[in-house]
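Remarks on the overall topology
Take a look at the letters that make up each chain.
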Amino acid sequence: MKNGEQYTLGGLTVTALHTPCHTRGHVCFLVTDAARPDAAPVLFAGDTLFVGGCGRFFEGNAQEMYGNLGLEGVLATLPPETQVFCGHEYTASNLRFALSVDGANPNLQAKAAWVDGMRAEGRSTIPTTIGGERLWNPFMRADQPELKASVGLGESADPIEVMAAVRAAKDRF
């Protein structure tokens, strides 16, 4: 499917969102229900966005991932209540890393505690929401001064530089 292309499945509308970086052709699917206009949209994020993390930059770069997750990014601009179903359950590991680069973030601390409780009960930590991820996911916070500082960059650092530095740190974690 091409970016923005839609198809219907019963009363559901499925929209393809091209999110290159993990792979060049990576696509996420946004699902809405015309019969339930008040229902939150649902995003099937594949390997682009995870709870507290993002996919490796196998075939792309920080600029592309920032185009997906940054302030004006394809996924970041979805409604905050959008439910996100990612391709893998990496949440606990992702949040351990996130705490290493954004440990003073109270939203992240609360999410990590919630995840620890859920995993102790053998429960899934998925779905998440776009609004939640904006609060605790370091890959969606590359514009934040505290994150810039934690990866050794100054306040004037470009968010794409920060995205690259955070991904490099995650790759070494």
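Look up: the structure comes first, before these words.
Residues numbered from 1 in each chain as written. Predicted model: local features only at pLDDT ≥ 70, side-chain atom pairs only at ≥ 80, totals over all residues. Heavy atoms only, no water.

**Digging into the pattern of salt bridges**
- The full count for this structure, using the stated rule, is six salt bridges.
- The partner of R56 in a salt bridge is D171, with the nearest N and O atoms 3.4 Å apart. Residue R56 is found in the loop between β6 (53-54) and α1 (62-69), and its partner D171 is found in helix α6 (residues 159-172); the two are separated by 115 residues along the sequence.
- Take R56: its relative accessible area is 40%, and that puts it in the partly exposed class.
- Its salt-bridge partner being D171, residue R167 comes within 2.8 Å of it at the nearest N-O pair. With R167 and D171 both in helix α6, this residue pair falls four residues apart, about one helical turn.
- Using a relative accessible area of 37% as the deciding quantity, one classes D171 as partly exposed.
- Through salt bridges with shared partners, a single network forms among R56, R167 and D171. (Salt bridge = Lys/Arg side-chain N within 4 Å of Asp/Glu carboxyl O. Helix = DSSP H or I, 4+ residues; strand = E, 2+ residues; numbered from the N terminus. Buried < 20%, exposed > 50% of the residue type's maximum accessible area, 1.4 Å probe, protein only.)

**Let's talk about the sheet that holds strand β3 (residues 27-33)**
- Read from one edge of the open sheet, six strands run β1-β2-β3-β4-β7-β8, paired in mixed fashion. The two strands at the open ends of the sheet, each matched to only one other strand, are β1 (6-9) and β8 (128-129).
- Summarising the sheet, strand β2 (residues 12-18) and β3 pair through seven bridges and their orientation is antiparallel. Across the sheet, residue V14 finds its bridge partner in β3, namely V31. (Pairing = 2+ DSSP bridges.)

**A word on the packing of aromatic side chains**
- Throughout the structure, instances matching the rule amount to four aromatic pairs.
- Taking the centre distance of 5.7 Å and the plane angle of 25 degrees together, the rings of F44 and F85 count as stacked. Here the residue F44 occupies a position in strand β4 (residues 42-46), and F85 occupies one in strand β7 (residues 83-86), the gap between them amounting to 41 residues.
- The class of F44 is partly exposed, set by a relative accessible area of 43%.
- On the basis of an interplanar angle of 75 degrees and a centroid distance of 5.4 Å, the ring pair of F97 and F173 is categorised as edge-to-face. Note that F97 is positioned in helix α2 (residues 91-102) and F173 in the segment after α6, a separation of 76 residues in sequence.
- Residue class for F97 comes out buried when judged on its relative accessible area of 1%.
- What makes F173 exposed here is its relative accessible area of 53%.
- Pairwise contacts between aromatic rings join F97, F139 and F173 into one cluster.
- The ring of F57 has R167 sitting right over it, with the charged end atom 5.9 Å from the ring centre. (Phe/Tyr/Trp six-rings, centres within 6.5 Å; stacked < 30°, edge-to-face > 60°. Lys NZ or Arg CZ within 6 Å of the ring centre and 35° of its normal.)

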